[in-house]
Amino acid sequence: MDYLLHHEVDVTVVAARPWGLEVESGHGARGFIDNTKSPAWPSGDQQALVGTVLRAVVIDDRRDPVRLSTLGTDMRIAREKRSRSS
């Protein structure tokens, strides 16, 4: 499986939608970044991110497509959770 809960992954933005970004991992696994978890929201140009590689963290691996976040706060929380489970 490409996406594991609380793990970080590099993804490429493949499409910008009014509600968020569709992304894909290097292995072709699809994911989604909601507008509120995107680096360009609310003031940036989401469309300009198409083709950009982003570092994201998996925040919900039970949904299809999985949900990811690019926010620093979500990354810190995930790192903390990973360190506790090691």
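Overview of the structure. (Residues numbered from 1 in each chain as written. Predicted model: local features only at pLDDT ≥ 70, side-chain atom pairs only at ≥ 80, totals over all residues. Heavy atoms only, no water.)

The first and last C-alpha atoms of helix α1 (residues 72-85) sit 20 Å apart over 14 residues, in line with the 20 Å expected at 1.5 Å per residue. Burial in α1 covers these residues: Asp-74, Met-75 and Ala-78. Projected onto a plane normal to the axis of α1, the buried residues spread over an arc of 100 degrees and lie on a single side. In α1, the exposed residues that point more than 90 degrees away from the buried face are Arg-76, Ser-83 and Arg-84. In this structure, the buried side of α1 is in contact with β1 (8-17), β4 (53-60) and β5 (66-69). (Helix = DSSP H or I, 4+ residues; strand = E, 2+ residues; numbered from the N terminus. Expected span 1.5 Å × (residues − 1). Buried < 20%, exposed > 50% of the residue type's maximum accessible area, 1.4 Å probe, protein only. Arc of directions from axis to C-beta. Contact = heavy atoms within 4.5 Å.)

With the rule as written, the count across this model stands at 9 salt bridges. Across the salt bridge formed by Arg-55 and Asp-10, the nearest N and O atoms sit 3.2 Å from each other. Remark: Asp-10 occurs in strand β1 and Arg-55 occurs in strand β4; sequence separation between them is 45 residues. Here Arg-55 falls in the partly exposed class, since its relative accessible area comes to 42%. Here Arg-84 and Glu-80 are joined by a salt bridge, their closest N and O atoms 2.2 Å apart. With Arg-84 and Glu-80 both in helix α1 and 4 residues apart, this pair spans about one turn of that helix. Since its relative accessible area comes to 61%, Arg-84 is described here as exposed. Connected through salt bridges with shared partners, the residues Glu-8, Asp-10, Arg-55, Arg-79 and Arg-82 form a single ionic network. (Salt bridge = Lys/Arg side-chain N within 4 Å of Asp/Glu carboxyl O.)

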